[in-house]
Amino acid sequence: MFETITTRANHLVDPHLHVWAWQIPLYLFLGGWVAGLLILFGLKLRRGARPARDSVTYPLPWIGLGLLSLGMLALFLDLEHKLHALRLYVSFEPSSPMSWGAWILLIVYPVLVLGALLDPPGALTRRFPWLTRAARSIRWTPDRLRLLGLVAIACGILLGVYTGVLLSSLGARPFWSSGLLAPLFLVSGLSAGAAFAHLIARRSDEQRQMVLLDTRLLAVELALLLLLVLGLVGGGAVQKEAAALVLRGPLTAIFWVLVVGVGVVLPLVVQLLAIRGRVHHQPVAPLLVLGGGLALRFVIVWAGQASHWLHG
Amino acid sequence: MARFGMAIDTRRCVGCMDCVAACKTENDVPEGFNRDWITQELRGRFPTLSLEIRSERCNHCDDAPCVSCCPTGASHVHPFGQVVLVDHEACIGCKACVASCPYGARFIHPEGYADKCTFCIHRVREGQDPACVAVCPTHCMHFGDLDDPNSEISALLASRAHHAVLPEAGTRPRIFYLT
């Protein structure tokens, strides 16, 4: 017999940690999605795509700006001391992934703005003529565009990796104590970016390119998800308890059905069939990928908070 | 430089919760929250059972994850006794420190900042013991400098068997339970 009784009943901490509700999973999902869009945008620029001539490249920075702002709003809503939010930018704490994230977000914004200004819409240039000159100076030389592409890729990788490291650095939560979270969130974000690009692509060759990319990313994501669970199962007692949350606990159904089944395996199968010409390209697969990516962040954040070092 | 810690005699602690009440009064801890609490751990099989009663609080860990994860530096190690404290004005209430603590010792104060045990640093500066130690009716709690070999706490830890809670979490806690 081993029984622990405590008199503590602190709000958001007991009976198990639940400090982060919907805001942080949404923020992590949107951050990962923007990371994916940035990397795709950078890759397209590096390969010589020009926004005005490419239906995928053109809207990515604009959508990225909107999604990132939404994510920042979710993050802001989660803060308990909102009036002090700017303290994030008063100092840089090298040991804190959240501090890194705050500064990465500050770098990502201007990169997205530069990307968006490559070919500003007519409505904006008519109102602000200087935007045309700004756009011209950005796309002055192919080298300058390739450099912007490289910076966008670097920022995207940093942002995507940070969303995973933010959780995996919190060693008190055994479910998060895995170095696989960073590549998992990065690949999932890239997959969301490719799925979104598939949705907005107008030309069939663009669609096919995005489907091929997303199919590979989904395969990698599936492998990372399985490795994450296997790593926990093969760990010590607290890691095994954490794995039980998605193997025979309250999050089992949502993890295997929504995240793995509907969010990864189903779109993977649909897209493989589309690649082989058995079915037409459908928006259903990318929509499932986006929904699965969101569900993944919710399950990981919930499972991490439910896992702990104390037995019982 | 001093490095404050606590040794709590589990053979003397009766779980009366005087330490909890004293902390709430001394530090004006809001209703529904606790900076310290009582844990009872029952082990064995009837009739050979063993019961350990512990007065628990922030462990002021030597390798405090709440300090390293804080994005603003609000959670910090104070030079006075290397006590882990929170600067309320610098805290943004992101809750990373609450999630990073394996002991669940932190909570979000209704005013929005992260809160926890301070070892009653305001009392210790004036040469007094923390409130929980001062009121304990069984004198089971001992506070002092772990780096001073002549301190009472160092002598107790040198002479009595003791353990920390969750040493496997790797944070090097500074609250020890004498057994």
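See the structure shown above.
Given the structure is predicted, the values throughout are model-derived calculations rather than measurements. Within each chain, residues carry numbers counting from 1 in the order of the written sequence. Naming scheme: in the order in which they are written, chains are lettered from A and ligands are numbered from 1. Where local features are concerned, this predicted model is filtered to residues with pLDDT of at least 70; where side-chain atom pairs are given and counted, the filter is 80 or more; whole-chain, interface and lining totals use all residues. Side-chain metrics in this entry use all non-hydrogen atoms of the structure; hydrogen atoms and water are not considered.

Digging into the interface of chain A and chain B
The interface of chain A with chain B comprises 35 residues on the first partner and 45 residues on the second. Put simply, buried area is how much 1.4 Å-probe accessible surface two parts lose in total, over both of them, once they are put together. For the chain A and chain B pair, buried surface summed over both sides reaches about 3400 Å², with 59% attributable to carbon and sulfur atoms. Sorting the residues of chain A by area buried against chain B places Arg 8, His 81 and Trp 309 of chain A first, and these three jointly supply 17% of that buried surface. What makes a salt bridge here is a side-chain nitrogen of Lys or Arg within 4 Å of a carboxyl oxygen of Asp or Glu, nothing more. Seen at the junction of chain A and chain B, the total is 2 salt bridges. In this structure, Lys 95 of chain B and Asp 78 of chain A form a salt bridge, with 3.0 Å as the shortest nitrogen-oxygen distance. What qualifies as a polar contact is a pair of N or O atoms within 3.5 Å, subject to a donor-acceptor requirement within protein and to the restriction that residues adjacent in sequence count only when both atoms come from side chains. Across the chain A-chain B interface, the total number found is 22 residue pairs in polar contact (both at pLDDT 80 or more). Numbering of helices and strands starts at the N terminus; helices are DSSP runs of H or I of at least 4 residues and strands are runs of E of at least 2. Elements that contribute at least two residues to the side of chain A that touches chain B include exactly strand 1 (2-6) and helix 3 (97-116) of chain A. Residues were grouped as follows: Ala, Val, Leu, Ile, Met, Phe, Trp, Tyr, Cys and Pro as nonpolar; Asp, Glu, Lys and Arg as charged; and all remaining residues, including Gly, as polar. For the side of chain A that touches chain B, a count of residues per class yields 17 nonpolar, 11 polar and 7 charged. Two elements, strand 1 of chain A and strand 2 (residues 36-45) of chain B, share 5 bridges in a ladder whose sense is antiparallel. Counterpart to Phe 2 of chain A in the pairing with strand 2 of chain B is Arg 43 of chain B. Residue contacts are defined here by distance: any two heavy atoms, one from each residue, within 4.5 Å place the two residues in contact. Two strands are counted as paired when DSSP detects at least two bridges linking them.

Quick notes on the sheet that holds strand 1 (residues 4-9) of chain B
By definition, the strands of a sheet pair up through backbone hydrogen bonds, in either a parallel or an antiparallel sense. All names here are of chain B. Spatially, 8-1-10-9 is the arrangement adopted by the 4 strands of the open sheet, whose pairing is mixed. At either end of the open sheet lies a strand with only one pairing partner, and these are strand 8 (141-145) and strand 9 (162-163). Bridging between strand 9 and strand 10 (residues 175-178) involves 2 bridges; their strand directions are antiparallel. For His 162, the partnering residue across the bridge sits in strand 10 and is Leu 178. Packing of helix 6 (residues 152-159) onto the sheet brings it into contact with strand 1, strand 8, strand 9 and strand 10, and relative to strand 8 it is tilted by some 115 degrees. Angles here are taken between N-to-C directions and fall from 0 to 180 degrees, while the axes themselves are lines fitted to C-alpha atoms, restricted in helices to the stretch in contact.

Digging into the packing of helix 7 (residues 181-200) of chain A against helix 11 (residues 284-306) of chain A
Residues and elements named next belong to chain A. It is at 8 Å that the axes of helix 7 and helix 11 come closest, and there the two elements cross at 155 degrees. Judged by the angle between their axes, helix 7 and helix 11 are roughly antiparallel. The hand of the helix 7/helix 11 crossing is left-handed. In this structure, helix 7 contributes Leu 181, Leu 184, Phe 185, Ser 188, Gly 189, Ser 191, Ala 192, Ala 195, His 198 and Leu 199 to the contact, and helix 11 contributes Pro 286, Leu 287, Val 289, Leu 290, Gly 293, Leu 296, Arg 297 and Ile 300. Classifying every residue of the contact of helix 7 with helix 11 gives 12 nonpolar, 5 polar and 1 charged. Angles are sorted into four bins: roughly parallel if under 35 degrees, roughly antiparallel if over 145, roughly perpendicular if 65 to 115, and oblique for all others. For any pair of crossing helices, the crossing counts as left-handed if the nearer helix is rotated counterclockwise from the farther one by less than a right angle, and right-handed if it is rotated clockwise.

With respect to unusual backbone geometry
With omega at 0 degrees, the peptide bond leading from Asp 14 of chain A into Pro 15 of chain A counts as cis. Following the sequence through the fold, Pro 15 of chain A ends up in the loop between strand 1 and helix 1 (23-46). The omega torsion of the bond from Phe 46 of chain B to Pro 47 of chain B falls at 10 degrees, within 30 degrees of zero and hence cis. Of note, His 60 of chain B is a non-glycine position whose phi angle comes to about 45 degrees, a positive value. As for its placement among the helices and strands, His 60 of chain B is situated in the loop between strand 3 (48-57) and helix 2 (65-68).

Quick word on the side chain of His 142 of chain B
Residues and elements named next belong to chain B. With respect to the helices and strands, His 142 occurs in strand 8. The buried label applies to any residue whose accessible area, calculated with a 1.4 Å probe on protein chains only, is under 20% of its type's maximum; exposed applies above 50%, and partly exposed to all values in between. Using a relative accessible area of 13% as the deciding quantity, one classes His 142 as buried. A polar contact is formed between the side chain of His 142 and the side chain of Glu 152, at a distance of 2.9 Å. When sequence neighbours within four positions are dropped, the list of residues in contact with His 142 reads Gly 5, Met 6, Ala 7, Glu 152, Ile 153 and Leu 156.

Observations concerning the pattern of salt bridges
Residue and element names in this part refer to chain B. Evaluated as defined, the whole model comprises 17 salt bridges over all chains. For Glu 26, the salt bridge is made with Arg 123, and the minimal N-O distance between the two is 3.5 Å. Of the two residues, Glu 26 sits in helix 1 (residues 18-27) while Arg 123 sits in helix 4 (residues 121-124), which places them 97 residues apart along the sequence. Of the charged contacts in the structure, one is a salt bridge between Arg 43 and Glu 41, with a shortest N-O distance of 3.2 Å. Glu 41 sits in the buried class, given a relative accessible area of 13%. One connected set of salt bridges, linked through shared partners, spans Glu 41, Arg 43, Glu 52, Arg 54 and Glu 56.

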